[in-house]
Structure formats: structure tokens, C-alpha cells
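The primary structure of each chain is shown beneath.
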Amino acid sequence: MIDRLTTAWAHYFPGVAVATAVALAASFIAQRYGAPAMLMGLLLGMAFHFLNETPRVGPGLELAAVKALRLGVALLGLRLTVADVASLGWTPVLLVIFAVLATLLFGVVLSRLLGCDRQLGVLTGGSVAICGASAAMAISSVLPKGPDTQRQTLFTIIGVTSLSTIAMVLYPIIGDVLQLNDQEMGIFIGATIHDVAQVVGAGYSVSPATGDLGTFIKLLRVAMLVPVVLMIGIVFRTKVSAAVDRQKAPAVPLFLIGFIVLFAVNSSGFIPSEVIQPVANLAPVLLLVAIAALGIRTSMQEVMTIGMKPVLLIVGETFFIAAVIVAYLLWIA
């Protein structure tokens, strides 16, 4: 037993240590300069792509990119409770469900109109609709693996994170021009900006009330991660890419089961928040390590060859979800 643990340690530790070091550097830069940690982790990782050619590092990088990702997504379940969802009533919940599903469908349709791969439409649409980089990695894990899967995932992470940062600056200004009150601004920001950190930054830059509501609306979108990824996994589990053997994705990935279980545990109230909170805080840490590892495994040259059409696709999806929420606030609410 000890020999097996020692062998596993020697096999995986170098790669995991490299990914963790890059993630720590990205976290420091993000805190020091106010940059998105996920984007910094990805870009720093890609700067160290040459390490991916080192045999000792490869296994650990794969472990960090896959296992850390799935555990991080599962731990997101500890950041939401049934009481949180119920406290706002059904209207925001139904609005979020409609916006998420409509954006996902729009991404598929637009990808076909632009001549892009349908999987890219699903990947970008789901990422824009739900929670940015975290959703990109979760959705990618249940899509059939092919020669373009990793490149598309990296492009999506860069795209949603960059657009989310731009939105963090522009959306409060747009909301002010539209004369939205604090509650409407919270719904607008929480339902449209891709990443949680940027929602927090934009919301609290307006007011504490906007920040609280915006963060909560964003968590409702995060809660959609489980049913959406499950649905995508079921749809694609018998699909194959042109360059890989036929394979089936699991109908219910284990990390999604973990999300549901932890969501139920957090909602039950049996475990004190003092115990749950430190564990829940591990989610963004693990996701950052996973993104750093993913960045190291992919070169910028590969990402840049994806072309202009995918850029139009992800920008179009971002405009679409914003238009849906603005239309609701101005003409329906």
C-alpha cells in the first residue's frame, strides 16, 4: 500500500505542483491588480506550455486539469441552498431558466448559421448562459473528445472571461443609462455577466443591495449547471467526433451527483456554516488550479487558429442574453 502511494506521489506530484504554482501566481496577480484570476491562470499557464513536453510533468497536469476540475464543480453545490432559491419567489427563477435555455439554443442555432461546429455552439452558449469558465470546463468534460475539443475549450474560457471583464465595467453604465433601479440593476448584472467574480465587482460598485441581489441571481444561474450539463451529456453520450473511437459519456457524471449531494447537505442545515464555508471556498481554488493545468497543456498558437467565426459566435451569445434580460426589465417586469 505504501509503495503504491509512493509511486503515485512520484508520478503525479511534479505536474500538480507546477499547476498549483501557476495558480498561486495568478491569484497574486489578480489580487494585486484586480485582474480576473481565471484569465490570469489560463494565460500564465499557456506561457509555460513548454513544460507540457516534460514527461515527468504530464501525468500530474492531466490529473489537475480533470480531477481538480470535477471536484471544484462538485463543491460549487455548497455555495447555494434551497432557501436561497425560494427566498426570491418564482419569477427570478423562471427568468433565469428561460434566459439560460434560450441562450444555449441560440448558441446552437448561431453556430450553424456561422458554419461553426455544433459542439462549439453548445460549449460557448452554455458558458455564456451559466457561469463562464467553470461551465466551459464542466460542459467540455461531457462532450465527445476530438482533436478540436481542447482548443475550443481554451478559446471559450478566454472569450467568456474577457467579455465578462468588459461587462463588469460597461454594464453598470448601461444600467444607469437605462435608468434601472438597484433591484433591476441587480437582476441585469446577475443574469448577464458570465463569471461570479465580475458579477460581484459590478454589483457592489453600484450599491450593496445591487451586489447582494446580483450575486444571488448569479448563483441561480450556477444552479442550472447540473441540469444543463446532465442534458448535454445525455444528448451527446452516443455522439462521436470524426477522429476518435465511438464512446459513451456517463449518463450522470459523478461530479454532478456530488454537486447535488452537497447542495442537499448545505440546504439541510445540519452542518454548521463554520464547517461548510471553508470547504466551499476550495471550489474556486480547485477550478483555478484546473485552468492553470489546462493552460499549460495548450499552446496559444493552437487557440489562435480557431478563426473569426467563433469570436462572432461568443460575442453574439453575450449580446443575446443581455438583450433578453433588458427586454424583460423594460417591457415585462
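Just so it is clear, the structure is predicted and the values come from calculations on it, not from any experiment. (Residues numbered from 1 in each chain as written. Predicted model: local features only at pLDDT ≥ 70, side-chain atom pairs only at ≥ 80, totals over all residues. Heavy atoms only, no water.)

Further remarks concern the overall build of the chain. When helices and strands are tallied, the chain shows 17 helices and zero strands. When each of the 333 residues of the chain is scored for burial, the buried share is 50%. For the chain, contacts bridging at least 24 residues in sequence account for 81% of all contacts bridging at least 6. Accessible area for the chain stands at about 15600 Å²; split by element, carbon and sulfur atoms hold 69% of it. (Helix = DSSP H or I, 4+ residues; strand = E, 2+ residues; numbered from the N terminus. Buried < 20%, exposed > 50% of the residue type's maximum accessible area, 1.4 Å probe, protein only. Contact = heavy atoms within 4.5 Å. Areas by Shrake-Rupley, 256 points an atom, 1.4 Å probe, with all protein chains shown as cover.)

In the contact formed by helix α6 (residues 118-129) and helix α17 (residues 309-332), the axes pass within 10 Å of each other and the chain directions differ by 35°. Relative to α17, α6 is oriented so that their crossing is right-handed. In this structure, α6 uses Leu120, Gly121, Thr124, Gly125, Val128 and Ala129 to contact α17, whose residues at the interface are Pro310, Leu313, Ile314, Glu317, Thr318 and Ile321. A breakdown of the residues in the contact of α6 with α17 according to their chemical character gives seven nonpolar, four polar and one charged. (Axes fitted to C-alpha atoms, helices over the stretch in contact; angles between N-to-C directions. Left-handed = near helix turned anticlockwise from the far one by under 90°. Nonpolar A, V, L, I, M, F, W, Y, C, P; charged D, E, K, R; others polar.)

The description of an aromatic ring pair uses the distance of the two centres, along with the angle that the planes make with each other. The full count for this structure, using the stated rule, is three aromatic pairs. When the ring centre of tyrosine 33 is taken as reference, the NZ or CZ atom of arginine 32 above it lies at 5.2 Å. (Phe/Tyr/Trp six-rings, centres within 6.5 Å; stacked < 30°, edge-to-face > 60°. Lys NZ or Arg CZ within 6 Å of the ring centre and 35° of its normal.)

A separate point is the packing of helix α11 (residues 208-223) against helix α12 (residues 225-236). Relative orientation of the contacting elements α11 and α12 amounts to 25°, with a least axis distance of 5 Å. It follows from the interaxial angle that α11 and α12 lie roughly parallel. Residues Arg221, Val222 and Ala223 of α11 lie in contact with α12, whose contacting residues are Leu225, Val226 and Pro227. Looking at the contact of α11 with α12 residue by residue, the classes come out as five nonpolar, no polar and one charged. (Parallel < 35°, antiparallel > 145°, perpendicular 65-115°, else oblique.)

Quick look at the nonpolar core now. Ranked by size, the top nonpolar core spans 97 residues in total, and within it Ile130, Ile157, Phe188, Leu225, Ile232 and Ile325 carry the most contacts. Per element, the largest residue contribution to this core is 11 residues, and it comes from helix α15 (residues 282-296). If we ignore the near neighbours within four places in the chain, the residues touching isoleucine 130 are Val100, Ala135, His194, Lys218, Arg221, Val222, Met224, Leu225 and Val228. (Core = buried A, V, L, I, M, F, W, Y, C linked by side-chain atoms within 4.5 Å.)

The next thing to look at is helix α3 (residues 58-75). Between its terminal C-alpha atoms α3 stretches 25 Å, which fits the 26 Å expected from 18 residues at 1.5 Å a residue. Along α3, the positions that sit buried rather than exposed are Pro59, Gly60, Leu61, Ala64, Ala65, Ala68, Leu69, Gly72, Val73, Ala74 and Leu75. (Expected span 1.5 Å × (residues − 1).)

Right, let's get into α6. Over its 12 residues, α6 runs 16 Å from end to end, which matches the ideal 16 Å to within 8%, given 1.5 Å per residue. With 11 of 12 residues buried, α6 is to be regarded as a mostly interior element. Those residues of α6 not exposed but buried are Gln119, Leu120, Gly121, Val122, Leu123, Thr124, Gly125, Gly126, Ser127, Val128 and Ala129. Those residues of α6 hidden inside the fold are in contact with α5 (90-114), α7 (133-140), α8 (149-177), α11, α12 and α17.

Taken as a whole, the second largest pocket spans an internal volume of roughly 440 Å³. For the lining of the second largest pocket, the secondary-structure elements that each account for two or more residues are α3, α7, α8 and α15. The element contributing the most residues to the lining of the second largest pocket is α3, with seven residues. A breakdown of the residues in the lining of the second largest pocket according to their chemical character gives eight nonpolar, six polar and five charged. (1 Å grid on protein atoms, 1.4 Å probe; cavity = no way out; pocket = protein on both sides within 12 Å on 5 of 7 lines; lining within 4 Å. Points joined across faces, edges and corners; volume = space filled by probe spheres on them.)

So far we have only geometry, and geometry alone does not tell us how the molecule works.
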